[in-house]
Amino acid sequence: MFIMAALTALGHLCTEAPFGKLRKERISPWWGPLLPAGIAWFLLEVPNLLGALSVALTCPRADCRQLTVNGFLLMMFLIHYINRSIVYPLRTRGRGTPLAIVLMAMGFCTYNSTMQAHHLCYVARFDSGDGAALLRLILLVAGSLLFLIGFIINVQSDAHLINLRKASTSAGGRPDDHYTMPTGALFEYVSCANYFGESLEWSGYALAAGSLPALSFAVYTWSFLGPRALQQHGWYRAKFDDYPKSRKAIIPWLL
Ligand SMILES: NC(=O)c1ccc[n+]([C@@H]2O[C@H](COP(=O)([O-])OP(=O)(O)OC[C@H]3O[C@@H](n4cnc5c(N)ncnc54)[C@H](OP(=O)(O)O)[C@@H]3O)[C@@H](O)[C@H]2O)c1
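Predicted model, so just to flag it, every value in this text is computed and none were measured.

### A few points about the UniProt feature "transmembrane region" (unreviewed entry) in the protein chain
Turning to step 1, where the next piece is worked out: UniProt feature "transmembrane region" (unreviewed entry): in the numbering of this structure it lies at residues 39–59, 71–90, 96–113, 134–153 and 205–225.
Turning to step 2, where the next piece is worked out: Overall, residues 39–59 shows 95% helix and 0% strand. The separation of its end C-alpha atoms is 30 Å.
Turning to step 3, where the next piece is worked out: The distance separating the terminal C-alpha atoms of residues 205–225 is 16 Å; by composition the span is 90% helix and 0% strand.

### Points about the environment of P33
Turning to step 1, where the next piece is worked out: For P33, the location among the structural elements is in the loop between α1 (2–14) and β1 (34–35).
Turning to step 2, where the next piece is worked out: As a C-alpha pair, P33 and H80 span 47 residues in sequence and 28 Å in three-dimensional space.

### Considerations on the site of the ligand
Turning to step 1, where the next piece is worked out: In the vicinity of the ligand, 25 residues are found, and the nearest of them are R84, R95, Y179, T180 and Y195.
Turning to step 2, where the next piece is worked out: For the ligand, an oxygen atom lies 2.5 Å from a polar atom in the side chain of Y179.
Turning to step 3, where the next piece is worked out: Contacts to the ligand include N194, whose side-chain N or O atom sits 3.0 Å from an oxygen atom.
Turning to step 4, where the next piece is worked out: For the ligand, whose accessible area on its own is 890 Å², the fraction buried by protein is 95%.
Turning to step 5, where the next piece is worked out: Counting residues per element, the ones that place at least two in the shell around the ligand are α3 (69–91), α5 (133–170), α6 (193–209) and α7 (212–239).
Turning to step 6, where the next piece is worked out: Class assignment for the residues of the shell around the ligand results in ten nonpolar, nine polar and six charged.

### What to know about the nonpolar core
Turning to step 1, where the next piece is worked out: Core analysis: the biggest nonpolar cluster contains 30 residues, and L73, L74, F77, C121, W202, Y205 and F217 have the highest contact counts within it.
Turning to step 2, where the next piece is worked out: Elements supplying a minimum of two residues to this core: α2 (37–58), α3, α4 (99–123), α5, α6 and α7.
Turning to step 3, where the next piece is worked out: Looking at this core, the element that brings in the most residues is α3, giving six residues.
Turning to step 4, where the next piece is worked out: Setting aside residues up to four positions removed in sequence, F77 forms contacts with N48, A52, N112, S113, Q116, W202, Y205 and F217.

### Side note on the packing of aromatic side chains
Turning to step 1, where the next piece is worked out: Following the criterion strictly, the structure yields 18 aromatic pairs and no others.
Turning to step 2, where the next piece is worked out: Consider the rings of F108 and F217, whose centres lie 6.4 Å apart with planes at 40°: the pair is tilted. Remark: F217 occurs in helix α7 and F108 occurs in helix α4; sequence separation between them is 109 residues.
Turning to step 3, where the next piece is worked out: For the pair F108 and Y220, a centre-to-centre distance of 4.2 Å together with 20° between the ring planes defines the contact as stacked. With F108 in helix α4 and Y220 in helix α7, this pair connects stretches of sequence that are 112 residues apart.

Conventions adopted
Residues numbered from 1 in each chain as written. Predicted model: local features only at pLDDT ≥ 70, side-chain atom pairs only at ≥ 80, totals over all residues. Heavy atoms only, no water. UniProt positions renumbered as here; feature names shortened; annotations may be inferred. Helix = DSSP H or I, 4+ residues; strand = E, 2+ residues; numbered from the N terminus. Near = heavy atom within 4 Å. Polar contact = N/O pair within 3.5 Å; in protein donor to acceptor, adjacent residues only side chain to side chain. Areas by Shrake-Rupley, 256 points an atom, 1.4 Å probe, with all protein chains shown as cover. Nonpolar A, V, L, I, M, F, W, Y, C, P; charged D, E, K, R; others polar. Core = buried A, V, L, I, M, F, W, Y, C linked by side-chain atoms within 4.5 Å. Buried < 20%, exposed > 50% of the residue type's maximum accessible area, 1.4 Å probe, protein only. Contact = heavy atoms within 4.5 Å. Phe/Tyr/Trp six-rings, centres within 6.5 Å; stacked < 30°, edge-to-face > 60°.

Below is the structure:
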């Protein structure tokens, strides 16, 4: 995961992944046909739900299916992906996504979800009762709060962009040139508030879980969404002359 994160960040330095607003009108046929956004998002994200559930439901240890710390962390992962793989695809009306992107993401999501669930179901133990128990509890509470704040920011910002897109296309914009400048809430501070929320979520999850697999997912998320946010930020600045100069790409006041 850490190697993949480094390669992903490097890849983003060399090229822009062709989906969403960064997809050019004409792209290499190697990327394959375009799938409608809702179908693409469902296909590429649903392995997260299936992967995590299949590990949890077949694990002989029952604590990951109960209200234990393991079960709670698994629930956080599942709640995010119920939204991302079922609710979000039903709502989004974005541009088509090339098949190759969908296939790569499916591979990543299968790998990541089974790894996260395997760690929580088979490896992680939060009941050792040693001297570090208080510290673990503090990290669990702080991480869970960070996850919750990130989740709210992510869902609200996604909804904001979906509404923006609906408004501009129904006002007669061409389907592929429907972009308007996002304003309000965290978009006043960053171009990609949805990415900021998602990155906070997985950072919180890593803090709460205190494990290497969870940390690797948080690092991967930053390494994917950070460079992509910088690219989107550059795109916004090039498209809108009056784009606010003080607005950052992904982290308010910083980056
Ligand atoms: N964990 C991870 O590594 C990871 C990786 C990728 C994505 N995600 C999450 O998946 C979600 C979607 O990602 P994304 O890359 O598709 O986000 P995005 O580029 O911000 O697009 C989200 C939706 O809003 C529309 N939109 C974006 N900017 C707009 C504007 N200025 N005006 C009008 N409509 C606009 C897009 O339409 P178009 O599609 O037509 O541009 C799309 O339907 C995010 O919440 C992100 O955090 C997570």
